[in-house]
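Chain residues, written in single-letter form:
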Amino acid sequence: MTIENISVNKSFGGWHKQYTHQSNTLNCTMRFAIFLPPQASNNHKVPVLYWLSGLTCTDENVMQKSGVQAIAAELGIAIVAPDTSPRGETVADDDHYDLGQGAGFYVNATQAPWSEHYHMYDYITKELPALVESTFPVNDKRAIAGHSMGGHGALVIAMRNTEAYQSVSAFSPICHPIDCPWGQKAFKAYLGHDSATWAPYDASVLMQAATRFVPALVDQGKSDTFLVEQLKPTALQAAASVSGYPLTLNLHEGYDHSYYFIASFIEQHIRFHALHLNQA
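Keep in mind it's a predicted model, so treat the numbers as computed, not measured.

## A look at the overall build of the protein
Logical step 1: Scanning the protein from N- to C-terminus turns up nine helices and nine strands.
Logical step 2: Against the compact-globule benchmark of 19 Å for 280 residues, the protein has a radius of gyration of 17 Å, which places it among compact chains.
Logical step 3: By principal-axis analysis of the C-alpha atoms, the protein measures approximately 50 × 40 × 35 Å.
Logical step 4: Across the 280 residues that make up the protein, the buried fraction comes to 60%.
Logical step 5: By sequence separation, contacts in the protein at least 24 residues apart represent 71% of the contacts at least 6 residues apart.

## Points about the sheet that holds strand β4 (residues 46-52)
Paired through their backbone hydrogen bonds, the strands of a sheet run either parallel or antiparallel.
Logical step 1: Read from one edge to the other, the open sheet built from nine strands follows the order β1-β2-β3-β5-β4-β6-β7-β8-β9, with strand pairing classed as mixed. If you trace the sheet from one side to the other, it starts and ends with β1 (3-11) and β9 (247-252), each paired once. Here the strands of the sheet are splayed against their neighbours by 20° on average, with no regard to which way each runs.
Logical step 2: Pairing of β4 with strand β5 (residues 78-82) involves three bridges; the strand directions are parallel. Bridge pairing in β5 places Y50 opposite V80.
Logical step 3: Packing against the sheet, helix α2 (residues 68-75) makes contact with β1, β3 (28-36) and β5, and its axis sits at approximately 60° to β3.

## Quick word on helix α4 (residues 149-160)
Logical step 1: For α4, spanning 12 residues, the distance from its first C-alpha to its last is 17 Å, which sits close to the expected 16 Å at 1.5 Å a residue.
Logical step 2: The element α4 is extensively covered by neighbouring structure, given that 11 of its 12 residues are classed as buried.
Logical step 3: Considered for burial, the residues of α4 that qualify are M149, G150, G151, H152, G153, A154, L155, V156, I157, A158 and M159.

## Focus on the nonpolar core
Logical step 1: Among the nonpolar cores identified, the biggest contains 71 residues, and F105, I124, V132, I144, Y190, Y245 and L247 are the most heavily contacted of them.
Logical step 2: Ignoring any residue separated from it by four or fewer positions in sequence, one finds F105 in contact with L55, D98, M149, H152, I174, W182, G183, A186, F187 and Y190.

## Things to note about the pattern of salt bridges
Logical step 1: Applying the stated criterion across every chain yields a total of nine salt bridges.
Logical step 2: D83 is paired through a salt bridge with R87; the nearest N and O atoms lie 2.6 Å apart.
Logical step 3: A residue is classified by how much of its surface remains accessible, and D83, at 5% relative accessible area, is buried.
Logical step 4: We classify R87 as partly exposed; its relative accessible area is 27%.
Logical step 5: When the shortest N-O distance is used, the salt bridge between R271 and E267 registers 3.0 Å. A residue pair is termed a helical-turn pair when its members lie 3 or 4 positions apart in one helix, as R271 and E267 do in helix α9 (residues 259-279) at four residues.

Conventions and cut-offs
Residues numbered from 1 in each chain as written. Predicted model: local features only at pLDDT ≥ 70, side-chain atom pairs only at ≥ 80, totals over all residues. Heavy atoms only, no water. Helix = DSSP H or I, 4+ residues; strand = E, 2+ residues; numbered from the N terminus. Rg over C-alpha atoms; globule rule 2.2 N^0.38 Å. Buried < 20%, exposed > 50% of the residue type's maximum accessible area, 1.4 Å probe, protein only. Contact = heavy atoms within 4.5 Å. Pairing = 2+ DSSP bridges. Axes fitted to C-alpha atoms, helices over the stretch in contact; angles between N-to-C directions. Expected span 1.5 Å × (residues − 1). Core = buried A, V, L, I, M, F, W, Y, C linked by side-chain atoms within 4.5 Å. Salt bridge = Lys/Arg side-chain N within 4 Å of Asp/Glu carboxyl O.

Below you can see the structure in the form of structure tokens.
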């Protein structure tokens, strides 16, 4: 697969790079970013943390706002940040921010017109890691994390692919999308009105039924305006108590939904992943 490098910036002794490539899974041109720590020089292979962003975001949010490069450089972890949806003039879209381009919800859409392009679940779990591992000096040890819609995606993907990820973390994830307005709107559009098809993409449903575990860390701000209606971390905590899932859920006074919150606790998340990646 041919990829094109479109930007390069040195950062903390490593390199932040953006690439585009033609995605066979999404039937469009996609962009992703990768931070390669200094340990990846001389073709030494390092583990990878995949970061999934939230509604309206792109690969640039975490790379420009979180400060992740400093700790990733210290610990020798590559960070890969894909876009949040397929994009382009021929890709279906919606006038609202919470559906269509920028709002892929990390599902495989089955309903027209979305099913032609919106297969973000397969892109994140199959095509993108295959591309990354065949192109860059990384090994096959993976962790996954995300924010908001991306936190939903990270939790779902880790729990459905326990053999592929050593750990999972999330900031302000959409924990129970089948029971919140964002999730219900997206799932009806992408998956249809049969709610039975929604359950495989609901972290709380998956966590309650889990028998194989990927260690999970979740941080949530208590001043997040989306906390009660959209995010529902209490549903995730209740699910973990049923299955005995190894979930650490931290609630923080005064913090909101922004990258100010993420930047405040990103170091703890990267160290959490480093611990599990180094044990693999």
